[in-house]
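Chain residues, written in single-letter form:
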Amino acid sequence: MLKPKDFKFDDESFLIEGGRALKGTVVASGGKNAVLPLMAASLLAEGETVIEGVPDLMDVRTMSSVISHLGAQVFYEEKNKTMRILFRGFTTHEAPYEFVTKMRASVYVMAPLLAVMGKAKIALPGGCAIGVRPVNFHLEGFRALGSRINVEHGYIEASVKKLKGTRIVFPWKSVGATINIMIASVLASGETLIENAASEPEVVETARFLKAMGAEIEGEGTETIKITGVKTLNPVRWKVMPDRIEVGTFAILGAMDGNDIKVENARADHLTAALLKLEEAGAEVDAGESFIRVKGKNLRGVEVETLPYPGFPTDLQAPIMAALTRAKGTSIITETIFENRFLHVGELLRFGADITVKGRTAIIKGVKKLYGAEVTCPDLRGGAALVMAALIAEGESLVHDIYHIDRGYEKFEEKLSSLGARIERVKEFRTRD
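For clarity, every value in this text was computed on a predicted model and none was experimentally measured. (Residues numbered from 1 in each chain as written. Predicted model: local features only at pLDDT ≥ 70, side-chain atom pairs only at ≥ 80, totals over all residues. Heavy atoms only, no water.)

## A word on the overall build of the protein
Thought 1: Per the secondary structure count, the protein includes 14 helices and 24 strands.
Thought 2: The C-alpha radius of gyration of the protein comes to 22 Å, within 12% of the 22 Å expected for a compact globule of 433 residues.
Thought 3: Dimensions of the protein, computed from C-alpha atoms along their principal axes, come out at roughly 65 × 45 × 40 Å.
Thought 4: With 433 residues in all, the protein has 56% of them scored as buried.
Thought 5: For the protein, the share of sequence-separated contacts (at least 6 apart) that also reach a separation of at least 24 residues comes to 73%.
Thought 6: Total accessible area on the protein is roughly 17,400 Å²; 48% of this is exposed by carbon and sulfur atoms.
Thought 7: Between the mean site of the 55 positive side-chain charges and the mean site of the 56 negative ones, the protein shows a separation of 1 Å. (Helix = DSSP H or I, 4+ residues; strand = E, 2+ residues; numbered from the N terminus. Rg over C-alpha atoms; globule rule 2.2 N^0.38 Å. Buried < 20%, exposed > 50% of the residue type's maximum accessible area, 1.4 Å probe, protein only. Contact = heavy atoms within 4.5 Å. Areas by Shrake-Rupley, 256 points an atom, 1.4 Å probe, with all protein chains shown as cover. Lys, Arg positive; Asp, Glu negative; His and termini not counted. Charge placed at Lys NZ, Arg CZ, Asp CG, Glu CD.)

This is the structure:
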């Protein structure tokens, strides 16, 4: 049993003893970024929608609170990861500050509110501090569909008599805006074309879910999505796709020297760019229909550039940086999606990593050893990277503010422990100012 040393009590942290090889099998949870829009889209149809494979995460709980406030009854069965959403109609058109500021994806409820009620009042969304990520693409899309939009006093207010199909061209690809406008358009009159649409698997998953409800959608997974509005939709039963970012995180962890990790409930075709990059770095990758196995060897430096799907995911930028801190030679990571997604660098330096940031590029020179440190999670994926660094560091580490990690990784410490990691959740002990 790990014993904390000279720390003061506060909240919750991970206490980690590094330097142990990780081997074994983990089962990935259902996709967080897929299930959140499905929960919102369920409000397009009255009746009972059942979603299987729903992870028990803070973000899922927050979305449950949002749609419950709007009139849905949400029941979650932890044992079989099944969520039942019973919806008989909206009881309000407002999604208040207390819920929405906790999670950016709450803005997805704006689509069913406008499509069904013709009005919505949504607090400006919150979430990780990885960049500005304005909702202007969402709002311009709703305007194009005929909505009147007003933003003031921290709220978005929108109204429309009836959404009308139109042509919408996004200036650049936005997963959230593509999903939100697609959800809204399925009940709009006429035809909607979304051009320069995002093609991420979560967009395709949402489209397939809507089609199962009775929507008419073509072109999901391409840059042009065509939606022909229908009058009504029906509730469905659905099994959510695997969480490709959780899968990718464990795959990258498997690539570290001495590790051998098999991830089940995994779609290799969702992570082609990331798996190819791990092979380029020297890891051994084996993938089947529903699993990915990665064996770590002496990694060598590589160049990584985050890009929209099917490119290297921005959500895996921080995890692969943690792995590359020990790679032989120099690695270069260029972040093209978000302008403020190197917040984890300062914390990785505390482990003894050698990283220099120049604008949107990070230069990582591999070191022989990392050393245990006390660090603080800056955001969800950065937090995962710090845990990964602690696992390969020599000695004990303490990772604070793990509520960020709880937003997106289900039972993270339990899954890591099953692989042989020495990690436990403890009351937070702070020594840093």
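Alright, that's what it looks like, and here's the rest.
## Quick word on the sheet that holds strand E13 (residues 224–228)
Thought 1: Strand order in this open sheet of four strands is E10-E11-E13-E12, and the pairing throughout is mixed. Only two strands of the sheet have a single neighbouring strand rather than two, namely strand E10 (167–169) and strand E12 (216–218). Recorded for the sheet is a direction-independent mean angle of 15° between the axes of neighbouring strands.
Thought 2: Of the pairings in the sheet, the one linking strand E11 (residues 191–195) to E13 comprises five bridges and is antiparallel in character. Its bridge partner being in E13, Thr192 is matched across the sheet by Ile227. (Pairing = 2+ DSSP bridges. Axes fitted to C-alpha atoms, helices over the stretch in contact; angles between N-to-C directions.)

## Quick notes on the side chain of His344
Thought 1: Tracing the backbone shows His344 in the loop between strand E19 (330–334) and helix H11 (345–349).
Thought 2: Setting aside residues up to four positions removed in sequence, His344 forms contacts with Gln317, Ala318, Met321, Pro378, Gly382 and Leu386.

## Let's talk about helix H2 (residues 58–70)
Thought 1: Given a rise of 1.5 Å per residue, 13 residues ought to cover 18 Å, and the 19 Å separating the end C-alpha atoms of H2 matches this to within 8%.
Thought 2: Residues of H2 that are buried include every one of Asp59, Val60, Thr62, Met63, Ser64, Val66, Ile67 and Leu70, and no others.
Thought 3: Turning to H2, the residues buried within the fold contact helix H1 (32–41), strand E4 (73–77), strand E5 (82–87), strand E6 (94–95), helix H3 (97–100) and helix H4 (110–117). (Expected span 1.5 Å × (residues − 1).)

## Observations concerning the sheet that holds E19
Thought 1: In spatial order, the strands read E18-E19-E21-E20; together these four strands make up an open sheet with mixed pairing. Lying at the two open borders of the sheet, with one neighbouring strand each, are strand E18 (303–305) and strand E20 (354–358). Here the average twist between neighbouring strands, direction ignored, is 15°.
Thought 2: Strand direction decides the pairing type here: E18 and E19, joined by three bridges, are parallel. Note on E19: the bridge partner recorded for Val304 is Ile333.
Thought 3: Running at roughly 170° to E19, helix H10 (residues 317–324) makes contact with E18, E19, E20 and strand E21 (361–365) of the sheet.

## Quick notes on the pairing of E20
Side-chain positions along a regular strand alternate between the two faces of the sheet.
Thought 1: Strand direction decides the pairing type here: E20 and E21, joined by five bridges, are antiparallel. Paired with Ile355 across the bridge in E21 is Ile364.

## Examining the packing of H10 against helix H12 (residues 380–392)
Thought 1: Across the interface, H10 lies against H12 with an axial gap of 7 Å and an inter-helix angle of 20°. Relative to H12, the element H10 lies roughly parallel. The way H10 lies across H12 gives a crossing that is right-handed. Contacts between H10 and H12 pair Ala318, Pro319 and Ala322 from the former with Arg381, Gly382, Ala385, Met388, Ala389 and Ile392 from the latter.
Thought 2: Classifying every residue of the contact of H10 with H12 by side-chain character gives seven nonpolar, one polar and one charged. (Parallel < 35°, antiparallel > 145°, perpendicular 65-115°, else oblique. Left-handed = near helix turned anticlockwise from the far one by under 90°. Nonpolar A, V, L, I, M, F, W, Y, C, P; charged D, E, K, R; others polar.)

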